[in-house]
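Residues per chain, in single letters:
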Amino acid sequence: MDGAREEGRGNTVGGDARLYGPTVQAGSVEGGIHLHAAAVDGAPPPMPRQLLPVPSHFTGRRDDLAALDALRAGDGERPLIVVTGPAGIGKTTLVSRWLRELQPDFPDGQLYADLRGHSVGDPVRPGEILGHFLRALGARSVPADLAELASLWRSRSAGLRLAVVLDNALTAAQVRPLLTGGPGTLVVVTSRRRLTGLRLDGARFHPLGMLGASAGVELLAQGIGAERVADELPSAREVVALCAGLPLALCLASARLASRPRQPLRALAHALAHEAGRLAAIDAAGEGEATVRKALDVSYAVLTSESALLYRRLGMLPVRTFDAWTAAAVCAEPLEWAERRLDELIEANLVEDIGPETCRFHDLVRIHARDRAVADDTGAAREEALRRVCDWYLRTATEAQRRLTPAQFTLRSTYGPPPGTESGREPESEPPPLPYTDDVGALGWLDAQRMNLMAAVRASAERGWDAMCWQLVDALWPLFLRLRHYDLWIEAHAIGRDAARRAGDKDGERQMLNSGAIGLSAAGRTEDAADWYTASLGAAREAGDVRDEGQALLGLGSCHREAGRPAEAGPYLRRAVEVWEGCGYPRGAALARIVLGELALAGGDHAGALALFGHAHDGLVAVRDPHDAARALAFLGRARAAAGAHARGVAELEAALAVFTSSGAVHWQARTLEMLGDCALDRGADGGTGAADGAGGHHVRALALYETTSPADARRLRLSLLSRGAG
């Protein structure tokens, strides 16, 4: 809870991060910086190929594939195709198979999103999907506002040839913000509903029917062998009929038969017929669901006790995907045990392996697993299992935080079962090992698990595990600071702030206020950020915490500066310096001096800016903070060049740029390139030969990087370039 959490524009990325767009190479700072120009949009990120894998047993559907080809070939520059049908009929598999065959037609990528329209809980918000798509196309930062997100998505996709799958849609309104902006894209929507409202958007529809009898027998033969099916063909046909031609039900049936090579097919047919009578009452749940539930009950009945336990435990988790680490945590078992049990569930077709090291349930399977947990386990056992998973997420995220931001002050995390759990005993095994071994892996884990981590935050808040809730939010700080998921940043800290208040934890509340305010400021919600900082300032003074007081003062000063109120910003920032120097925190004082220096530079006080930036740089070097020292050095170089010492100022800017390049701090590469361009413009105004051309080159490279890290800065710089005729 201190100045370590500086204003949101300090975007830092681990040293092994992949960089897209223009880069800066430096053999050594003394040897100079060699800039390589790139197009405005930068070098492309790795091509997104997000389609789900197609099962090897895919069969039939030739007429459906031909129908989709015909729909695509119809009139219209931007095809929108909606595939509808009941649960378990194979909509997603059909679309994945079709689009994989069309991969050469979409060289810019294939995107996939599960809208969770029919899952437990609320459907996915459009903004979340848009952020996922934009980052897949190379954006490192996206707006928090849905309208801005949708606009940016349409702009980014306008010139691309993309295939986009929107799986499990609930309504037309959920789909519309996700539609692309260019003629080269194909959007395919799957839904259990007809979504006729999308006709207004030019959609064409394909209703998917049940597998025919011969295709169903062929699917069964692929699972258990053609010879076995041929030996009992009448029983095989009966199994297909009892599964109602639903591929999901047939896969479950074949998995059971494959695990029992000596069991006659007629025995399974008898079991399915018996279950059909018992479960007839749930037909109202929806076409196809009763058949799948019948097959699921039969599959569940033959699981080992250990696999059945894992099935139930995973079913009651609020996460979308899971892996062996999650499985180990939820059952308090070793990782090797969890891997074996997951393999058994995958073999039984109860869990989908969507890789790498990632699994999920089909919607209906998840509901069945949850229902079995409610029926077979006590409420206390279910709560304790969920608590173990949230506890593991907290441990793992906290270790990532310590690794990625070691210089920043963090509060102690507490682990262990909550009061009133079933046992209060020691866990049956140690927590699973960490799923990463280095900084890149730690940040990658945080990013890949961000939605599950947010689910754990929400679940903790709902159950009153308030300490765990806000501590988990606090542990996500490197994720928010470096990758700038603004919507999650803001939501998480609002939940965490409220949880800390309920827990009566004043330190935690101030941590949430400060970190949340940084997110609000970074997202452009300056006035909201100022409100949070004001609340933090009052709380810090009430608690007598001068380090937190300095953080709130720095934040308020920065908010006033961002809002164009320099006269109001100065007193807050100067007071922050006084407070931090008084309590012996030189790093915080240096951070405040950087913002004061920015005010002086903007006001034309070059001498004052030089003094402030120089003091800040020396202080940050002394406390071994290379990133912020480079920020101060960049500003120092800009002020020096503005004061007339052009060559020395440019050298300092280039030295700072080398630091940001080696660390992967893309946002600060962009800012430094922009300052180099500004210096060149100043030089051009003084008659320097070719300086204006050099400014344009720096600014174009800065723009390419801003496109992926700061849309607002990209818009600002683009307008500037256009006004000068440089764009």
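Residues numbered from 1 in each chain as written. Predicted model: local features only at pLDDT ≥ 70, side-chain atom pairs only at ≥ 80, totals over all residues. Heavy atoms only, no water.

Novice: Can you break down the overall build of the protein residue by residue, with the values?
Specialist: From N to C terminus, the protein includes 32 helices and nine strands. Going through the 727 residues of the protein one by one, you find that 57% of them count as buried. If you take every contact in the protein between residues at least 6 apart in sequence, the share linking residues at least 24 apart comes to 70%. When the accessible surface of the protein is split by element, carbon and sulfur atoms take 51% of a total near 28,700 Å². (Helix = DSSP H or I, 4+ residues; strand = E, 2+ residues; numbered from the N terminus. Buried < 20%, exposed > 50% of the residue type's maximum accessible area, 1.4 Å probe, protein only. Contact = heavy atoms within 4.5 Å. Areas by Shrake-Rupley, 256 points an atom, 1.4 Å probe, with all protein chains shown as cover.)

Novice: For the confidence of the model for the protein, give the residues involved together with the corresponding values.
Specialist: Per-residue pLDDT for the protein has a mean of 84; in total, 86% of the residues score no lower than 70. Low pLDDT, under 50, characterises residues 6-42; the stretch is placed with 101 contacts to residues that sit more than four places away or in other chains. Across residues 418-427 the pLDDT falls below 50, and counting only partners more than four positions away or on other chains, this stretch makes nine contacts in the model. (pLDDT = per-residue confidence, 0-100.)

Novice: Which residues make up the sheet that holds strand S5 (residues 163-167), and what values go with them?
Specialist: The strands making up a sheet are joined through hydrogen bonds of the backbone, oriented either antiparallel or parallel. Read from one edge of the open sheet, five strands run S4-S5-S6-S3-S7, paired in parallel fashion. Looking along the sheet, the strands with just one partner apiece sit at the ends: strand S4 (110-114) and strand S7 (204-207). Strand-to-strand twist in this sheet, taken as the mean axis angle between neighbours without regard to direction, amounts to 15 degrees. With four bridges connecting them, strand S3 (residues 80-84) and S7 associate as parallel partners. Note on S7: the bridge partner recorded for Val-83 is His-206. Sheet strands touched by helix H3 (residues 126-136): S4 and S5. Its angle to S4, the strand with the most contacts, is close to 155 degrees. (Pairing = 2+ DSSP bridges. Axes fitted to C-alpha atoms, helices over the stretch in contact; angles between N-to-C directions.)

Novice: Go over helix H14 (residues 335-347), please, and point to the residues and values.
Specialist: When the terminal C-alpha atoms of H14 are compared, their 18 Å separation across 13 residues agrees well with the 18 Å that a helix rising 1.5 Å per residue should span. Leu-335, Trp-337, Ala-338, Arg-341, Leu-342 and Leu-345 are the residues of H14 that are buried. Buried residues of H14, viewed axially, fall in a sector of 150 degrees; they line one side. Those residues of H14 that are buried lie in contact with helix H12 (305-315) and helix H13 (324-331). (Expected span 1.5 Å × (residues − 1). Arc of directions from axis to C-beta.)

Novice: Account for a negative patch on the surface, naming residues and giving values.
Specialist: A cluster of acidic residues, Glu-336, Glu-339, Asp-343, Glu-347, Asp-353 and Glu-357, forms a negative patch on the protein surface. With respect to the secondary-structure elements, Glu-336 resides in helix H14. Here Glu-336 falls in the partly exposed class, since its relative accessible area comes to 48%. (Patch = residues over 30% accessible without salt bridge, like charges linked within 9 Å, V, L, I, M, F, W, Y side chains within 5 Å. Salt bridge = Lys/Arg side-chain N within 4 Å of Asp/Glu carboxyl O. Lys, Arg positive; Asp, Glu negative; His and termini not counted. Charge placed at Lys NZ, Arg CZ, Asp CG, Glu CD.)

Novice: Please set out the packing of helix H19 (residues 466-475) against helix H22 (residues 506-522) residue by residue, giving values where relevant.
Specialist: Where H19 contacts H22, the two axes come as close as 10 Å, and the packing angle between them is 40 degrees. Classified by the interaxial angle, the pair formed by H19 and H22 is oblique. H22 is crossed by H19, and the crossing has left-handed handedness. Judged by residue contacts, Trp-470, Val-473 and Asp-474 of H19 engage Gly-508, Gln-511 and Met-512 from H22. A class-by-class count of the residues in the contact of H19 with H22 yields three nonpolar, two polar and one charged. (Parallel < 35°, antiparallel > 145°, perpendicular 65-115°, else oblique. Left-handed = near helix turned anticlockwise from the far one by under 90°. Nonpolar A, V, L, I, M, F, W, Y, C, P; charged D, E, K, R; others polar.)

Novice: Which residues make up the environment of Trp-392, and what values go with them?
Specialist: On the secondary structure map, Trp-392 appears in helix H16 (residues 379-404). C-alpha of Trp-392 to C-alpha of Val-330: the two residues are 62 residues apart in sequence and 8.9 Å apart in space. When sequence neighbours within four positions are dropped, the list of residues in contact with Trp-392 reads Trp-325, Thr-326, Ala-329, Pro-431, Pro-432, Pro-435 and Trp-445.

Novice: Could you give me a rundown of the state of the cysteines, with the residues and numbers involved?
Specialist: Summed over all chains, the structure comprises zero disulfides. Here Cys-243 stays free of any disulfide, with the sulfur of Cys-251 as its closest cysteine sulfur at 9.5 Å. (Disulfide = S-S within 2.5 Å.)

Novice: Please set out unusual backbone geometry residue by residue, giving values where relevant.
Specialist: Backbone geometry places Arg-61, a non-glycine residue, at a positive phi of 70 degrees. Mapped onto the secondary structure, Arg-61 falls in the loop between strand S2 (34-35) and helix H1 (62-72). Classification of Arg-61 as buried rests on a relative accessible area of 10%. Although it is not a glycine, Arg-484 sits at a positive phi angle of roughly 55 degrees. Structurally, the position occupied by Arg-484 is in the loop between helix H20 (477-483) and helix H21 (486-503). Look at Arg-484 and you get buried, because its relative accessible area is 2%.

Novice: Quick one: what's the story with the pairing of S3, residue by residue and with numbers?
Specialist: Burial of S3 is extensive: five of the five residues sit out of reach of the surface. Here S3 shows no split at all, with Leu-80, Val-82 and Thr-84 on one side and Ile-81 and Val-83 on the other all buried. Pairing geometry for S3 and strand S6 (residues 186-191), over five bridges, is parallel. When the bridges of S6 are listed, Thr-84 appears paired with Ser-191.

Novice: Any chance you could break down the side chain of Asp-323 for me, citing the residues and the numbers?
Specialist: As for its position among the elements, Asp-323 is in the loop between H12 and H13. Nearest to the buried, unbridged Asp-323 among oppositely charged side chains is Arg-366, at 12 Å. A distance of 3.2 Å separates a polar atom in the side chain of Asp-323 from the backbone nitrogen of Trp-325. Polar contacts involving the side chain of Asp-323 include one to the side chain of Thr-326, which spans 2.8 Å. Among all residues touching Asp-323, those that are not within four sequence positions of it are Leu-342, Glu-357 and Gln-449. (Polar contact = N/O pair within 3.5 Å; in protein donor to acceptor, adjacent residues only side chain to side chain.)

Novice: I'd like a rundown of the nonpolar core, residues and numbers included.
Specialist: If you look at the biggest cluster of nonpolar residues, it comprises 191 residues, and the most contacted ones within it are Leu-99 and Tyr-311. Excluding anything up to four places from it in sequence, Leu-99 contacts Leu-51, Gln-110, Ala-163, Val-165, Leu-186 and Val-188. Of all hydrophobic cores here, the second largest spans 32 residues; its members include Leu-134, Trp-153, Val-164 and Leu-166. (Core = buried A, V, L, I, M, F, W, Y, C linked by side-chain atoms within 4.5 Å.)

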